[in-house]
Amino acid sequence: MQLSGVPAANEEVEFDHNQRVQNDFLEFQQAADVTATQGSARSVNVEAGTRYPNRFLLRNPPEAAGSVTTEVSGFSIENARAVDSEIAQFWTGSLREYDSSVVVFRPNYNVYDSAPETAYEHGVAYNRHPNGETTLMGTAEVIDGNRITLIAVNGSLSTASASALALESEPLSAPMQSVSVRDNPDVTGDNIILTLQTGMTQKAWSELLDDEPNNIDSWTLSGGELTIVLDEDVIYDMRLAKIGVGSGYTDEQPIYLANGAVAPRFVELGGNTISVEVRDQFNTVKPGVDVTYNLDDGQGYFIDSQGTNVGGTHVVTSDENGLAKVVFKPTGGTTATISATADFGYPGANPDDNEIIIFEDIAVIGGGGGDGGGDSEINPAASEAFELKSATLTQEKVGNKNNIGVAYVTFENKGDQVSIEAVRINSFVDNSQSASNKKHPDYAVINGTQVFVGGDYINSFATGFKIDYQPGEEKTYRMEFWDEDGNPFDVDEGDFFIYSIEFEDGSISRYFVVPDGQS
């Protein structure tokens, strides 16, 4: 009985214990996911050690003390370009490399010598068997449809115990923030590539990558390195996070600036709030970072939190949400350019274009002067005004391209007879959600008349450009835009421009034109 019965019974004890440890690791996988997605710490007890039941007149071996340790790992992302121009200064397609770790339970049984090690890496819990095979313990998706989810583990563990261990997950760069990325649409074969260091085998990865619908072009596993090539022309929802285990983990440093909300498209004479967001390489916001705002061009000043005029330069510290906010009050003109810069002040933090964000040619609503004289107002709508009645957007063939956005802008003369002397397009602002892969418009063709964006007033008109208006008369102008390379510019909903009209009496009216059916 001592020689055969006890070992057999203890092997069953050890097998049952190993099953419980696997369940503990599944709980840790779920806890780590909560930490990554919600930014809250979690703790799971891992039953590292094995105790044998007392057996009357028979002797048991010593308690088996298992260990929980960490191993070096990592992953990289290449060719991922931000769809949103607000963060395109960091996600430019360059290679981004991330350190990580694998959390491993190693049993130390007395009898059950075919027991697997149990591991957690890249958000996935699995078993490593002595024969070299690996088996998944649950479901977790690095790629799920068009969603990319990668969790980095930081810290060191090397603990053996005959009892339970507390395995904690701390939010170091969390909660996750979704970033929309894609390949370069102008370059064939520029697919997004994910490279993961892994201890999992081909069979296990095949279960994760092949069984579910996804947008994977191909994947290979060689020498412990998994390479995933994603499909082209797909917008991916990328979510990254960093969690800490054990001890010795490090916080993430700030590395780039993003617009704190939709980029300011206009500011009013009464003042508007402008903000930028400080982020780390996992796209998580960072508080307590100084950001310097500077008025690079235009007329106006910044206002501090006490309501004081602080001039054309102001330093603001990012708040608990990573936002550095400032109020800018224009004093005139038609546009303003404001820059926000941050000196992160640590080694390796100098990708220059990641530390500055420029709000260029923000339209000043209610501003006058600086472009040819005369007083002006924005979108005059008085009973005797020359009024902007509507601005609509249609898809047409322009040049040799189909489905190009063209604006149709209608004016109505609600006053006495009036004649147009000259026109100007002060500025054009792209919708922030669509501008990252487009050139800016260089000029417009308005009923046959070419008008440059930001150029001088035009007072020489094509035959189809209506100049004289009788009382109550209205006219619709077709406005197609072109870029500096002579290609049609596709106007999107949310794009807008400032259009100025000088009348024969020297007065000027300005119009805030949003060609989506609203004005």
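Rules used in this analysis
Residues numbered from 1 in each chain as written. Predicted model: local features only at pLDDT ≥ 70, side-chain atom pairs only at ≥ 80, totals over all residues. Heavy atoms only, no water. Helix = DSSP H or I, 4+ residues; strand = E, 2+ residues; numbered from the N terminus. Rg over C-alpha atoms; globule rule 2.2 N^0.38 Å. Buried < 20%, exposed > 50% of the residue type's maximum accessible area, 1.4 Å probe, protein only. Pairing = 2+ DSSP bridges. Core = buried A, V, L, I, M, F, W, Y, C linked by side-chain atoms within 4.5 Å. Contact = heavy atoms within 4.5 Å. Arc of directions from axis to C-beta. Salt bridge = Lys/Arg side-chain N within 4 Å of Asp/Glu carboxyl O. Patch = residues over 30% accessible without salt bridge, like charges linked within 9 Å, V, L, I, M, F, W, Y side chains within 5 Å. Areas by Shrake-Rupley, 256 points an atom, 1.4 Å probe, with all protein chains shown as cover. Lys, Arg positive; Asp, Glu negative; His and termini not counted. Charge placed at Lys NZ, Arg CZ, Asp CG, Glu CD. Polar contact = N/O pair within 3.5 Å; in protein donor to acceptor, adjacent residues only side chain to side chain. Phe/Tyr/Trp six-rings, centres within 6.5 Å; stacked < 30°, edge-to-face > 60°. pLDDT = per-residue confidence, 0-100.

Trainee: What's the story with the overall build of the chain in this structure? I'm lost.
Mentor: When helices and strands are tallied, the chain shows two helices and 35 strands. Taking 24 Å as the expected radius of gyration for a compact globule of 519 residues, we find that the chain reaches 31 Å, considerably beyond that expectation. Counting only C-alpha atoms and orienting by the principal axes, one finds that the chain spans roughly 115 × 55 × 40 Å. Evaluated residue by residue, the chain yields a buried proportion of 50% over its 519 residues.

Trainee: Would you mind showing me how to read the pairing of strand E13 (residues 179–182) here?
Mentor: The two faces of the sheet receive side chains in turn, since in a regular strand these alternate between them. Direction of pairing for strand E4 (residues 81–82) relative to E13: antiparallel, over a ladder of two bridges. Bridge pairing in E13 links Arg81 to Arg182. With three bridges joining them, E13 and strand E17 (residues 236–244) adopt antiparallel strand pairing. Among the inter-strand pairings, Ser180 is bridged to a residue of E17, identified as Asp237.

Trainee: Any chance you could explain the nonpolar core here in plain terms?
Mentor: Buried together is how nonpolar side chains tend to be arranged in soluble globular proteins. Ranked by size, the top nonpolar core spans 42 residues in total, and within it Ile77, Trp91 and Trp205 carry the most contacts. If you tally residues by element for this core, the top one is helix H2 (residues 202–210), at four residues. Excluding residues that lie within four positions of it along the chain, Ile77 makes contacts with Trp91, Ser94, Leu95, Arg96, Tyr98, Leu150, Ile193, Leu194, Met238 and Leu240. Core analysis: the second largest hydrophobic core is formed by 29 residues, Val68, Met137, Leu157 and Met176 among them.

Trainee: Any chance you could explain H2 here in plain terms?
Mentor: An α-helical segment advances 3.6 residues per turn. Residues three or four places apart therefore align on the same side. Looking at H2, one finds that the buried residues are Ala204, Trp205, Leu208 and Leu209. Burial along H2 is one-sided: seen end-on, the buried residues are contained in an arc of 115 degrees. Those residues of H2 that are buried are in contact with strand E6 (117–121), strand E7 (124–128), strand E8 (134–136), strand E14 (193–197), strand E15 (216–222) and strand E16 (225–230).

Trainee: Please explain unusual backbone geometry as it appears in this structure.
Mentor: Leave glycine aside and you will find that most residues have negative phi; peptide bonds, for their part, are mostly trans. That bond from Ala174 to Pro175 is cis: its omega, 5 degrees, falls within 30 degrees of zero. Within the secondary structure, Pro175 sits in the loop between strand E12 (164–173) and E13. Positive phi, close to 55 degrees, is recorded for Asp233, a residue that is not glycine. Inspection of the secondary structure puts Asp233 in the loop between E16 and E17.

Trainee: Whenever I open this one, the pattern of salt bridges confuses me. Can you help?
Mentor: Between side chains of opposite charge, a pair can form when the charged atoms approach closely. Counting across every chain of the model gives 16 salt bridges. Between Glu277 and Arg279 there is a salt bridge, with the nearest N and O atoms lying 2.6 Å from each other. Arg279 shares its class with Glu277; the two are buried. The salt bridge partner of Lys389 is Glu474, with a shortest N-O separation of 2.8 Å.

Trainee: Help me understand a negative patch on the surface, please; the structure alone is not making it clear to me.
Mentor: A cluster of acidic residues, Asp296, Asp297, Glu360 and Asp361, forms a negative patch at the surface. Of all the secondary structure elements, the ones that give two or more residues to the negative patch are strand E21 (290–303) and strand E25 (356–365). Assignment of secondary structure puts Asp361 in strand E25. Residue classification places Asp361 among the partly exposed positions, given a relative accessible area of 33%.

Trainee: What exactly am I supposed to notice about the environment of Asp468 here?
Mentor: When you line up the elements, Asp468 lands in strand E31 (residues 468–469). Excluding anything up to four places from it in sequence, Asp468 contacts Val418, Ser419 and Glu473. Polar side-chain contacts of Asp468 include one of 2.5 Å to the side chain of Ser419.

Trainee: Even after reading the chapter, I still don't get the packing of aromatic side chains, so can you show me in this structure?
Mentor: In this description, an aromatic ring pair is defined by two values, namely the gap between the centres and the angle between the planes. A complete count under the given rule lists 25 aromatic pairs for this structure. With centroids separated by 5.1 Å and ring planes inclined at 20 degrees, the aromatic side chains of Phe75 and Tyr98 adopt a geometry described as stacked. Of the two residues, Phe75 is situated in strand E3 (residues 64–78) and Tyr98 in strand E5 (residues 96–106); the sequence distance between them amounts to 23 residues. Judged by its relative accessible area of 4%, Phe75 falls in the buried class.

Trainee: Is there a simple way to think about the side chain of Arg279 in this case?
Mentor: Here Arg279 lies in strand E20 (residues 272–279). On the basis of relative accessible area, Arg279 is assigned to the buried category, the value being 10%. A polar atom in the side chain of Arg279 sits 2.6 Å from the side chain of Glu277. Among residues more than four places away in sequence, those in contact with Arg279 are Ile87, Gln177, Val179, Pro254, Ile255, Tyr256, Ala258, Thr284, Val285 and Lys286.

Trainee: Would you take a moment to explain the sheet that holds strand E34 (residues 496–503) for this structure?
Mentor: Sheet strands line up and pair through hydrogen bonds in the backbone, either parallel or antiparallel. Taken together, the four strands give an open sheet; going across it, the order is E31-E28-E34-E35, and neighbouring strands pair in antiparallel fashion. A single partner strand is all that each edge strand has here, and the edge strands are E31 and strand E35 (508–513). Here six bridges tie E34 to E35, and the two strands are oriented antiparallel to one another. Paired with Phe497 across the strands is Val513, a residue of E35.

Trainee: I would appreciate a short explanation of the confidence of the model for the chain in the present structure.
Mentor: When pLDDT drops low, the exact placement of atoms in the prediction is not to be read closely. For the chain, per-residue confidence averages 87 on the pLDDT scale, and residues scoring 70 or more make up 90% of the total. Looking at the elements of the chain, mean pLDDT is at its lowest for strand E19 (residues 266–268), recorded as 77, and at its highest for E14, recorded as 98. Low pLDDT, under 50, characterises residues 368–375; the predicted model gives this stretch 21 contacts beyond four residues in sequence or across chains. Of the regions scoring below 50 in pLDDT, residues 432–437 engages in 16 contacts with residues more than four places distant in sequence or in other chains.

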